[in-house]
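Remarks on the overall topology
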Amino acid sequence: MGKALLDVLTGRTPERRPVWLMRQAGRYLAEYRAVRQEAGSFLDLCYKPDLAAEVTLQPLRRYDFDASIVFADILVVPHAMGSDLKFVENEGPVLSLVRNMDEVNALSDAKGAWQFERVYETLGKVKAGLAPHVTLIGFCGAPWTVASYMIEGRGSDRAVALAAAAKAEPWFVRLVDRLVDTSIDYLVGQVKAGAEVLQIFDSWAGDLPEGLRARWVHEPIARVVDGVRKVFPGLPVIVFGRGIGNGHAALARATHANAVSVEQDTRLSDVLKDLPAGVAVQGNLAPERLMAGGADMIAGTEAICREVPMARHVFNLGHGILQHTPPEHVTALLEAIRKTDGRA
Ligand code: CP3
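The following paragraphs examine the structure supplied in this document.

Another aspect to go through is helix 10 (residues 170-192). Taking 1.5 Å of rise per residue, the 23 residues of helix 10 would be expected to cover 33 Å, and the 33 Å separating its terminal C-alpha atoms lies within 8% of that figure. At the C-terminal side of helix 10, G194 shows a positive phi close to 130°.

Further remarks concern the sheet that holds strand 5 (residues 197-202). The sheet built from seven strands is open, its strands ordered 1-4-5-6-7-8-9 with parallel pairing. Looking along the sheet, the strands with just one partner apiece sit at the ends: strand 1 (67-69) and strand 9 (313-317). Between one strand axis and the next, the sheet turns by 25° as a mean value, whatever way the strands run. Across five bridges, strand 8 (residues 280-285) lies against strand 9 in parallel orientation. Each residue of the ladder has a partner; that of G283, found in strand 9, is F315.

All right, on to the environment of T325 then. Structurally, T325 is set in the loop between strand 9 and helix 16 (327-340). Taking the C-alpha atoms as reference points, T325 and R289, separated by 36 residues in sequence, lie 9.5 Å from one another. For T325, the side chain forms a polar contact with the main-chain oxygen of L322, separated by 2.7 Å.

Our next topic: the packing of aromatic side chains. Two descriptors summarise a pair of aromatic rings, namely the distance from one centre to the other and the angle between the planes of the rings. Going through the model one piece at a time under the given rule, you end up with 13 aromatic pairs. Arranged with centres 5.4 Å apart and planes meeting at 55°, the rings of Y63 and F65 form a pair that is tilted. Taken as a pair, Y63 and F65 share a single burial class, namely buried. Seen in terms of ring centroids, W171 and F172 are 6.4 Å apart; in terms of plane orientation they differ by 85°. Their pairing is edge-to-face. By relative accessible area, which is 12% here, W171 ends up buried. For the cation-ring pair, R158 lies above W204, with the distance from its terminal atom to the ring centre recorded as 3.7 Å.

Before going further, it helps to spend a moment on helix 11 (residues 210-231). Residues separated by three or four positions in an α-helix point in the same direction, a consequence of the helix having 3.6 residues per turn. A rise of 1.5 Å per residue sets the reference length of helix 11, with its 22 residues, at 32 Å; its end C-alpha atoms lie 32 Å apart and thus fit the reference within 8%. The largest bend along helix 11 measures about 30° and falls at H218, with the proline P220 one to four residues further on.

Reading the values: the criteria
- Residues numbered from 1 in each chain as written.
- Predicted model: local features only at pLDDT ≥ 70, side-chain atom pairs only at ≥ 80, totals over all residues.
- Heavy atoms only, no water.
- Helix = DSSP H or I, 4+ residues; strand = E, 2+ residues; numbered from the N terminus.
- Expected span 1.5 Å × (residues − 1).
- Pairing = 2+ DSSP bridges.
- Axes fitted to C-alpha atoms, helices over the stretch in contact; angles between N-to-C directions.
- Polar contact = N/O pair within 3.5 Å; in protein donor to acceptor, adjacent residues only side chain to side chain.
- Phe/Tyr/Trp six-rings, centres within 6.5 Å; stacked < 30°, edge-to-face > 60°.
- Buried < 20%, exposed > 50% of the residue type's maximum accessible area, 1.4 Å probe, protein only.
- Lys NZ or Arg CZ within 6 Å of the ring centre and 35° of its normal.
- Bend = angle between axes of the 7 residues up to and from the residue.

Shown next as C-alpha cells:
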C-alpha cells in the first residue's frame with residue numbers, strides 16, 4: 001500500500017481515506033500513562049527521545065492509522081528560545097512573560113538548541129519504527145498562538161496579546177518575526193530528521209478579530225511555509241487555523257497549504273467548495289462524539305465520509321482527542337470509516 005496521507009496532500013488518488021487523530025498519543029492510553037510516569041514530567045517525556053518515540057508509536061500498535069505525529073509540544077519553541085516553561089498538573093502550561101522590546105530581544109535564536117536536537121532524535125527513532133504506509137508528521141505552533149502563550153504566560157488569557165496585535169506594537173511585531181525565523185529553522189530540522197509532512201497549529205486563530213487575521217495569521221504562517229520550502233521545495237503542509245469558520249479557504253490560498261484542518265463547527269463540504277483544486281480538507285468529527293461513542297459517533301463519521309470524497313479528505317477530529325475517551329471507541333471509529341468507504 002502507498003502512503004495515503006501523502007497521496008491526498010500531493011493530489012494523487014489514495015488507496016483508502018487517510019486517517020490520523022490530533023493527540024493520538026496521550027493520556028487516554030494506559031500505556032502512555034505508564035511511560036509518562038516513568039519519564040517524570042510531561043516535558044521530560046518530550047525531551048527523552050527513547051520514551052518520546054515509544055509514546056509516538058503506541059497508538060500505531062493499536063490502530064491502523066495512516067500517519068504518526070511526533071510526540072512533542074508547540075511550547076518547545078519558546079522553551080528553546082529561553083522562556084521558563086512548566087506544565088502544572090490540572091492547569092496546563094505556565095511560561096515566563098514577554099511583554100516589551102527588552103524581553104523580546106533577550107530571547108535566544110535557539111540555533112542548535114538542545115530541545116530541538118532531542119525532537120530531531122525522536123523523529124529519527126520513530127521513522128525507523130514505522131510501517132511503510134504510515135506518513136511521519138512534524139509540527140510547530142503558528143507564531144500568533146505561540147506568541148499569545150509567551151505574552152500571557154498561560155493558555156487561558158488573550159487580552160494583552162490581542163491588544164498588542166491590534167496596535168501592532170513594535171515589540172509584538174518583533175516577537176512574531178523572531179518566531180517566524182525560529183519556526184523555519186525548527187521545521188527544516190524536523191524534515192532533515194525524517195518528517196515527511198508538517199502541520200502548523202494556530203489553535204487561537206479564531207480569537208483574533210477577522211480584520212487582523214491576514215496580518216497575524218495568514219502572513220506569519222505563509223512566511224514559515226515559504227521559508228521551509230526554500231530548503232525543501234513542495235514540502236506538504238497542513239495548516240490548522242482553529243475557529244476561523246468560513247475563513248479556511250482564504251487561509252489555504254494565503255499560505256499555499258496542501259490541506260486545511262477544520263474545527264467541528266464548520267461543514268467540510270463548505271470549505272472544500274471554496275478551496276483551490278488539489279487542496280484538501282482535514283477533520284472534523286467532534287472529539288466529544290468520539291468520547292461518547294456508539295450510534296451517534298458512527299452516524300457522525302458516516303456523514304463526514306459521505307460529505308467529502310476520499311481524494312480530497314484526511315479524516316481527523318475537529319480538535320485533539322479528549323483524555324477520557326475509551327480507547328475502544330477509536331477502534332470503532334476506524335471500522336466505521338473503512339466500512340463506509342467499502343474498504344473494510
Ligand atoms: O498530537 C499528538 O499526539 C502529538 C503531540 C502534541 C502534544 N501537544 C502533546 C501534548 C501536539 C501536536 C501538541 C500541540 C499543542 N500543544 C497545541 C496545539 C494543538 C491544540 O491542542 O490546540 C497546544 C495549544 C499545545 C499546548 C499545550 N500542551 C497545552 C495547552 C497543554 C495542556 C492541556 C492538557 O491537555 O493538559 C499541553 C500538554 C500536552 N501536550 C499533553 C500532550 C499529550 C498532555 C500532557 C500530559 O501528559 O500531562
